[in-house]
Amino acid sequence: MITALTLLPLVGGLFILGLCRTRDSARLAAVTFAFLSLVLAVLLWFGLNPETPGMQFEELHAWAPSLGIAYHVGVDGLGVLMLVLSALVVMMSLAASWANEKQGPVYFGLVLLLEAGLFGTFTALNFVHWFIYWELSLIPAFFLVRLWGGPGRARAATQFFLYTMVGSVGLLLAFLALYLATGKFDLVDLTQLAQANQIVPSLANLHLRISAECLGQWLFWAAFLGFAVKTPVVPFHTWLPATYAEAPSETTMLLTGAMSKMGIYGFLRILLPIFPQQMQHARTPLLWLAVATIVLPAFAAWVQKDLKRTFAYSSINHLGYCILGVCAAAQFMGPQAELGTEKAAALTGVMLQVFSHALTAAAIFWFIALLGRRTGGQRGVDDFGGLRKVIPVFSGLMGIAIFASLGLPGLNGFPGEFLIFKGAFPLAPWATSLAVLGLLMTAIFLLTVIQKVFSGPVNPRWEAMADLTTTEQLAVLPAIALMFVLGLYPQVITGMVHGTILQWIGGLH
Amino acid sequence: MNPLAGCLLVSALLFAIGLAGAITRRSAILVLAGIELMLSAANLNFIAFWRFGPHPEALTGLIFVIFSIAVAAAEAAVGLALILAIYRHAKTSDVSEIGEMRG
Amino acid sequence: MTWIVNYLWLIPVLPMLAAGVCALLKQPQRRLSATLAIGSMSVSFVLALIAFAEALSHPAIQVANIHWMQFGDQWVSLGWLLDPLAAVMLVMVTFVGLLIFIYSTGYMAHDPNFTRFFCFLSLFAGAMLGVVIANSLLLLFMCWEVVGLTSYLLIGFWYHRPAAAAAAKKAFITTRIGDLGLLIGMVWLYAQSGTLLFYDNGSGCLEQHAISALAAHITIFGMVVSTAIGLLIFCGAVGKSGQLPLHVWLPDAMEGPTPVSALIHAATMVAAGVYLVARVYPLMNAHALEVVAWVGATTALFAACIAVAQNDIKRILAYSTVSQLGYMMLGLGVGGVAVGMFHLITHAFFKALLFLGAGSVIHGCTEEQDIRNMGGLRRFMPVTFAAYAAGTLALCGFPLFAGFWSKDAILHSAHGWGISRGPFYFGAIGALLTAFYMTRQVYYVFFGPRRVPEAQAEPVASPRHPAEESVIADPHESPRVMTTPLVILAVFAAFLGFVGTPAWPWFQSFLAGQPARFDIGGFSEPGLMALMGVSSLIVFAGIGLGWWLYGCKPIVNATDPDALERLAPGPFHALANRLYVDEIYEATVIRLTRFASAFSAWLDRWIFGGLVNLVAWIVTGFGWLDLGLDKYVVNGGFDMGCREVSLFGRFFTRIQNGRVQNYLRVIAVALVILAIFLLWGHRG
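Residues numbered from 1 in each chain as written. Chains lettered and ligands numbered in written order. Predicted model: local features only at pLDDT ≥ 70, side-chain atom pairs only at ≥ 80, totals over all residues.

Enquirer: Looking at this structure, how should I read the overall build of chain B?
Expert: Helices and strands together make up the secondary structure of chain B, namely three helices and zero strands. For chain B, the succession of helices and strands along the chain, N to C, is α-α-α. Against the compact-globule benchmark of 13 Å for 103 residues, chain B has a radius of gyration of 17 Å, which places it well outside the compact range. Taken over the C-alpha atoms alone, chain B extends approximately 50 × 25 × 15 Å along its principal axes. Long-range pairs, those at least 24 residues apart, make up 51% of the contacts in chain B with a sequence separation of at least 6. (Helix = DSSP H or I, 4+ residues; strand = E, 2+ residues; numbered from the N terminus. Rg over C-alpha atoms; globule rule 2.2 N^0.38 Å. Contact = placed C-beta atoms within 7 Å.)

Enquirer: Explanation requested: the arrangement of the chains in the structure shown.
Expert: Contacts are most numerous, across the two pairs of chains in contact, for chains A and C. Kept free of each other, chain A and chain B leave a smallest C-alpha distance of 60 Å between them.

Enquirer: Can you help me understand unusual backbone geometry in this one?
Expert: The phi angle of most residues is negative, glycine excepted, and most peptide bonds adopt the trans form. Thr 231 of chain A connects to Pro 232 of chain A through a cis peptide bond whose omega is 0°. Secondary-structure assignment places Pro 232 of chain A in the loop between helix H10 (212-230) and helix H11 (239-246). Going from Leu 244 of chain C to Pro 245 of chain C, the amide bond is cis rather than trans, its omega being 0°. Here Pro 245 of chain C lies in the loop between helix H9 (225-240) and helix H10 (249-252).

Enquirer: Sorry if this is basic, but what is going on with the interface of chain B and chain C here?
Expert: In many reports, interface size means the accessible area that the parts give up when they come together. If you look at the interface, chain B gives eight residues, while chain C gives eight residues. Of the residues that constitute the side of chain B that touches chain C, the class distribution is five nonpolar, two polar and one charged. (Nonpolar A, V, L, I, M, F, W, Y, C, P; charged D, E, K, R; others polar.)

Enquirer: Before we go on, may I ask you to explain the confidence of the model for chain B in this structure?
Expert: As a note on interpretation, predicted positions should not be read in detail where pLDDT is low. Here chain B averages 86 in pLDDT, while 94% of its residues score no lower than 70. Model confidence for the complex is summarised by a pTM of 0.84, with the ipTM given as 0.91. (pLDDT = per-residue confidence, 0-100.)

Enquirer: How do you make sense of the nonpolar core when you look at a structure like this?
Expert: Most often, soluble globular proteins have nonpolar side chains that are buried together. Formed by 438 residues in total, the largest nonpolar core has its most connected members in Ala 352 and Ala 493 of chain C. At 23 residues, the largest contribution of residues to this core is made by helix H16 (residues 339-375) of chain A. In contact with Ala 352 of chain C, other than residues within four places in its own chain, are Val 96, Ile 100, Ala 262, Leu 263, Ala 266, Ala 267 and Leu 489 of chain C. Listed in part, the six residues of the second largest apolar core include Ala 28, Val 31, Leu 32 and Val 95 of chain B. (Core = buried A, V, L, I, M, F, W, Y, C linked by C-beta atoms within 7 Å. Buried ≥ 20, exposed ≤ 12 C-beta atoms within 10 Å, placed from the backbone.)

Enquirer: Is there a simple way to explain the pairing of strand S2 (residues 74-82) of chain C in this structure?
Expert: Two faces belong to every sheet, and in a regular strand the side chains alternate between them. Residue and element names in this part refer to chain C. As paired elements, strand S1 (residues 62-71) and S2 share nine bridges and run antiparallel to each other. Across the sheet, residue Ala 64 finds its bridge partner in S2, namely Trp 80. Connecting S1 to the next strand, S2, in antiparallel fashion are two residues, including Gly 72 with a positive phi near 60°. (Pairing = 2+ DSSP bridges.)

Enquirer: Any chance you could explain the interface of chain A and chain C here in plain terms?
Expert: Taken together, the contact between chain A and chain C spans 46 residues of the former and 38 residues of the latter. Of all the secondary-structure elements, those providing two or more residues to the side of chain A that touches chain C are helix H14 (283-302), H16, helix H17 (387-390), helix H19 (413-427), helix H20 (429-453) and helix H22 (491-507) of chain A. It is H20 of chain A that provides the largest number of residues to the side of chain A that touches chain C, a total of eight residues. Its residues assigned to classes, the side of chain A that touches chain C shows 29 nonpolar, 13 polar and four charged.

Enquirer: Help me understand the environment of Thr 174 of chain C, please; the structure alone is not making it clear to me.
Expert: Among the structural elements, Thr 174 of chain C can be located in helix H7 (residues 162-193). Sequence separation between Thr 174 of chain C and Leu 137 of chain C is 37 residues; the distance between their C-alpha atoms is 21 Å.

Enquirer: Where do I start with helix H13 (residues 286-308) of chain C in this structure?
Expert: Note: α-helices contain 3.6 residues per turn, so residues at a spacing of three or four share the same orientation. Taking 1.5 Å as the rise per residue, H13 of chain C with 23 residues should run 33 Å; its terminal C-alpha atoms sit 33 Å apart, in good agreement. Along H13 of chain C, 19 of the 23 residues are buried, which leaves the element largely enclosed by surrounding structure. (Expected span 1.5 Å × (residues − 1).)

Enquirer: Before we go on, may I ask you to explain the packing of helix H4 (residues 84-107) of chain C against helix H15 (residues 337-364) of chain C in this structure?
Expert: The relative placement of two packed helices comes down to the angle between their axes together with the axis-to-axis distance. Residue and element names in this part refer to chain C. As a packed pair, H4 and H15 sit with axes 11 Å apart at the nearest point and diverge in direction by 0°. Comparing the axis directions of H4 and H15 gives the class roughly parallel. Every residue of H15 that contacts H4 at Leu 85, Val 88, Met 92, Val 96, Ile 100, Tyr 103 and Tyr 107 is listed here: Val 337, Met 341, Ile 345, Ala 348, Phe 349, Ala 352, Leu 356, Gly 359 and His 363. Of the residues assigned to the contact of H4 with H15, the class counts are 14 nonpolar, two polar and no charged. (Axes fitted to C-alpha atoms, helices over the stretch in contact; angles between N-to-C directions. Parallel < 35°, antiparallel > 145°, perpendicular 65-115°, else oblique.)

Below, the structure is given as structure tokens:
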């Protein structure tokens, strides 16, 4: 089932790259394949039993047993959440690309390849092919930015690719060291070893000059680098504003909606379970990094002149809450068992926030894409004014998305942020209190955007701008409706992941 | 002067004559004859060192010389055949004329 | 009748549904949207009355809780409750809301965005009712934020005016500063007590068990945890209720349509902060309440001072609202829930009345808001004038009017407060100023000759009728749909106070859950009559002062300097400029934030990005270096080596000339050399 899910977009992508000559056939094929993937992902969602601990739908085939490499896939609450999320974001991105004449058959093929990489990353349970997917997803993303981006695309795409690659090198080295020490590449096995406190003793087998504890810490930081660049965590984020701004908005939807979630997924699937002691040990600097990730980009977003850069910084800020939740949950629990509740709250909040940010950010960049198509690429914060009068439906719907991003209760942003703060506050009071500043700055810069773009006198240049067509409205409305559903009834997600989270809490000492 | 020294002197003379012949004569046959002379000098040395050496009972020198003579015979045969072939080809047996192997 | 408790959620949900439907309507469907909004509000009002009756018969707190979302093995629960406090608020909000809805159909009749207005208004009503019935701090917070959103949307309703857009943003952000305190207080409370439900059969966070647990913890600065949490929650109330130092948004919020100012920024939303403090009153211990009282008293006096020197009819009322909210906080701090809430209820009626009256005046004067340009309106708008006068007297605390009883209860409590007499004096001076500035306003607006400013000779495009040109005509009375709510509210403003007099403290007993007794002896409490006399004297003094300065000599010219300005120009200008609070914030907090933003962007670009670029440059430099090495050292060296080898080979080809005898010669020479060498060596 999972293999089929991963293969579907792969086959689709190759099919489009190989056979589709016209734009129409390519986009039709792309949407069909993406829709089938979404259906499969949703089937998995409903097929998953949230009460059962551990992985489900597992497939395990020997590959190179002597090297500890096996084809091992499976999902739990987190995995299935990520699958549905990425399928959804890809669907949204394709819908946004539907009417963009610049993007030809190759574009659609690459998007599907990217989706295959995402699915693979979110389901693989053996480091080797997990890493292959992890790196593979970069390639289509690079070409999407490089070939269809804005004027500075060459530099942005290169920076994006290289920066992420450098991060991955740390990750790869860390796992090679783990393999040499334990002889295992399987993430589930490594997790079990970590829970039994066997990883650090086995590191002594490497006979290096430094102590095993110290080496473990180094390995943690090396692996952290990979995810920190991908997510990103301040100060490893500088590739992001340029890339998000230069990529076509439809690709930015994919980058922020799905690819940035790979970093958070790594934190949850790899760092937290495999390096628990190291993470506890590094908790204070990590918390400060999380606070910096929340606060600094929120401040920086306020002075950006480019809408896409503003929302790029906003994206960093929102993922910062996830980092805060994860780092707070890494706290050493010891005898205070009641802290487990707070950890569960923080991690549930992270899950909600991941999903909701994907939805919101993708929607916002979708709106920017629609706006860009109407203005021929204008996207300066000061280039507009009074758009509410000219395009009321567009403004209203984008306003909803912006307020969702701001964390307004009733929309999808709030439950996640609340749970993160609820869980993180008792675990890390000072960091959480500082992080609240981020909430304030988010409000300030988002409202500034609304004020400058939608309010005030109408800018005479845009007096004749066309409002959303019925087709566009129909395409956008499901996303908006989902925002309300998740805001009013977040149990849709929390009910799916609570088993997974309880299992993690059991594993974290 | 002991007998070994005499033998060696003769052998050295023989070698020198052979070398001089091989270097100076133009006819390939005479060059070959010079080489045969040098070979004989070597054989003479073998015999001399065997006969006057520490283990004259072990017949090694003699065996060597017999081998050497057999090989020399074969060599002479092959050498003469080669010279004949070259002569047929180049219409001369003057080694200074035959500077190149190309046919 | 417990079904009403289970279905209490209908009261907020109905207006919200109406808002949802209105959002989908097209602009021409005005009648439908107004009908939906007013209809849902009427049903909510009826339900609120039923709930009120239920609360009358069962004064105990009744709750209904539901699971909302799960984390691990725990649930986040939400819930609603019915107790006298909530019931009173429900009736007040639905009733005042309904009247303002009806009034709005007249006031906004010509607005092109009529349906959107009712959509926002209904959403506001729903969220506000949600705040009222919430049995969970989380649900309260959620509705509280939605209320903030609707306030933002309605202040910025005329979004094409930059001032309105800026005011809306300012309101949202300023209140959000307070809300962040509330958020932290909330998560802290959650962490300490394990629940955010107020009442949950003994395990709620406002019940004895949790409260005593909270009081036992000591946190930083030697504060008890419950004090810290109480103060953080109070931060939210400070933001929402426009208390010092977060009051700056409320006067600017007058950029919104006047019914909005009446409903949101006078009667209900701004009172939500007071309601919040009343709701979590069990959490507030003496230390927290001391802070509440001082903040309230300071705000009451401070805002009353500023109101004296304002010229915009709505701004005067806005500062008056800030001041009255200060009184409510003072009442909560020194007297308890009933004292503060009583003033909240009476204030809601008379302040809504005053705002609607001001709206009627503005409507009649074709969007004129400057009181210097009005005058003599008594003759043109008699109904409005009568209603406005009733509201003014109630606000001033004229004996027997509603405001008299409620304000007197606050001053009485403040007088008896054991900690300090300061708040009492603040409140008393505030009362004097209140009477003074209201008298000033009434004389400016309704008395004297009609004043038309020269500036208005040229037509000004009004925000509500951007297409039409405003014409200078005589002011006219507003239509019946607007005056009827005024009259109804005026009746309440005059007589509502009688439900909470010292002789018949029905309101106070109801909130406390006790039956009320009529006892004329209530007045004989020591000091009470004297205090009432004093406060009446203060009111008369204020009104008299106002009459002396503005009434006895009619104001003829719009450009004449204010009477007070002639007396003391310096303080008057300071007050007219709102004591420069906005400017101080602009120069400090806002500038600091801007600096922090610029610094972050700089950090991003030159430090974080710079470091990465530096690394990139270094790596690129290594690349160039490597390229140079390759090109000139490795490649060049190899080429040169090859050339040497080939030269060497060419040299040797000369020896290899095919002459066999040459080779032999070489061998011979070598042999000779070898022999010589060996011989030499042997000898040596």
